[in-house]
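Inside the fold
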Amino acid sequence: MTSKIDKLFIIVGLLFAGAGLLLGEYMGHSGNHMQMPTHAHIMLVGWVFPALYGLIYRAFPAMKAGALPYLHFYLHLVGATALAVGMALVFNGHPETGPVIVLLAGGSSLLILGWLLFLILFLTRSGKDAGA
C-alpha cells in the first residue's frame, strides 16, 4: 500500500486556505481587520506549508515510507490549528494567559518539531529516489 501523506497534506492545506479566505472575506466586508495576523498565519502555516510539504513528499516518494511522515502530518495539523485558535483569541481581546499561552507556545513548538522532522526526512531520504 502506498502512503497518501502527500494528498493528506494538500487536503489540509486546502481546508486551511478556505478558512483563511473566509476570514479575509469577513474582515473585508466588516471593515474590522483586527484578525489580520491570524489570517496571515492561517494562510502561510495552514495553507502554504502543508501544500509545499505535500508536493515535496510527492516529488520524493522515498520520504513517504513508514510512520514518521504521519507523525510530521499530525504535528503540523495540531500545531497549525492550535496556533490559529490562539491567535484568533488574542486578536479578539483575550488576555495572553494560561490556555492561550499553551495554544500559542504549544502550537509553535509542534510546528517547529514537525519542520525539523521533515528536514531530517528530506536530508536522509530524498536522495534515495531514482534520478535524484
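Counting from 1, residues in each chain are numbered in the order their sequence is written. It should be noted that, the model being predicted, local features are given only for residues of pLDDT at least 70 and side-chain atom pairs only at 80 or more, the latter also being counted only at that level, while totals for whole chains, interfaces and linings use all residues. Each side-chain value is worked out from all heavy atoms of the structure, with water and hydrogens disregarded.

**Some details on the nonpolar core**
- Here, the term nonpolar core denotes a set of buried Ala, Val, Leu, Ile, Met, Phe, Trp, Tyr and Cys residues that are joined through side-chain atoms within 4.5 Å. Note on classification: 1.4 Å probe, protein chains only; a residue is buried when its accessible area is under 20% of the maximum for its type, exposed when over 50%, partly exposed between these limits. Membership of the largest hydrophobic core comes to 24 residues, with the highest contact counts inside it found for F9, Y57 and L104.
- Secondary structure elements follow DSSP: runs of H or I of four or more residues count as helices, runs of E of two or more count as strands, with numbering from the N terminus. Elements that contribute at least two residues to this core include exactly α1 (5-30), α2 (36-59), α3 (68-90) and α4 (98-125).
- In terms of residues, this core owes the most to one element, α3, which gives 7 residues.
- In contact with F9, other than residues within four places in its own chain, are P50, A51, Y53, G54, Y57, P69, H72, F73 and H76. Every residue pair with non-hydrogen atoms within 4.5 Å of one another is taken to be in contact.

**So, the pattern of salt bridges**
- Basic side-chain nitrogens of Lys or Arg form a salt bridge, by our definition, when they fall within 4 Å of a carboxyl oxygen of Asp or Glu. Summed over the entire model, instances satisfying the criterion amount to 2 salt bridges.
- Its salt-bridge partner being R58, residue D6 comes within 2.8 Å of it at the nearest N-O pair. Taken together, the positions of D6 in helix α1 and R58 in helix α2 put the pair 52 residues apart, joining distant regions of the chain.
- Taking the relative accessible area as the measure of exposure, D6 reaches 4% and is therefore buried.
- With a closest N to O distance of 3.3 Å, D6 and K64 form a salt bridge. In this pair, D6 sits in helix α1 while K64 sits in the loop between α2 and α3, placing the two residues 58 residues apart along the sequence.

**Considerations on the packing of α3 against α4**
- For the pair α3 and α4, the least separation of the axes is 7 Å and the interaxial angle reads 150°. Of the possible angle classes, the one that applies to α3 and α4 is roughly antiparallel. Crossing hand, α3 versus α4: left-handed. Axis definition: a line fitted to C-alpha atoms, over the contacting stretch in the case of helices. Angles run 0 to 180 degrees between N-to-C directions. Between 65 and 115 degrees an angle is taken as roughly perpendicular, under 35 as roughly parallel, over 145 as roughly antiparallel, and anywhere else as oblique. Crossing handedness is read from the near helix: turned anticlockwise from the far helix by less than a right angle, it gives a left-handed crossing, and turned clockwise, a right-handed one.

**Some points on the packing of aromatic side chains**
- Aromatic pairing here means that ring centres of Phe, Tyr or Trp (its six-membered ring) are within 6.5 Å. Orientation follows from the plane angle: under 30 degrees is stacked, over 60 is edge-to-face, and everything else is tilted. All told, the structure shown has 8 aromatic pairs when counted by the stated rule.
- Ring geometry for Y53 against F118: centres 4.5 Å apart, planes inclined by 50°, an arrangement best described as tilted. Here the residue Y53 occupies a position in helix α2, and F118 occupies one in helix α4, the gap between them amounting to 65 residues.
- Its relative accessible area of 5% is what places Y53 among the buried residues.
- Residue F118 is classed as buried on the basis of its relative accessible area, which comes to 8%.
- The interplanar angle of 75° and the centroid separation of 5.3 Å between the aromatic rings of Y57 and F118 together place this pair among those described as edge-to-face.

These figures capture arrangement, not role.
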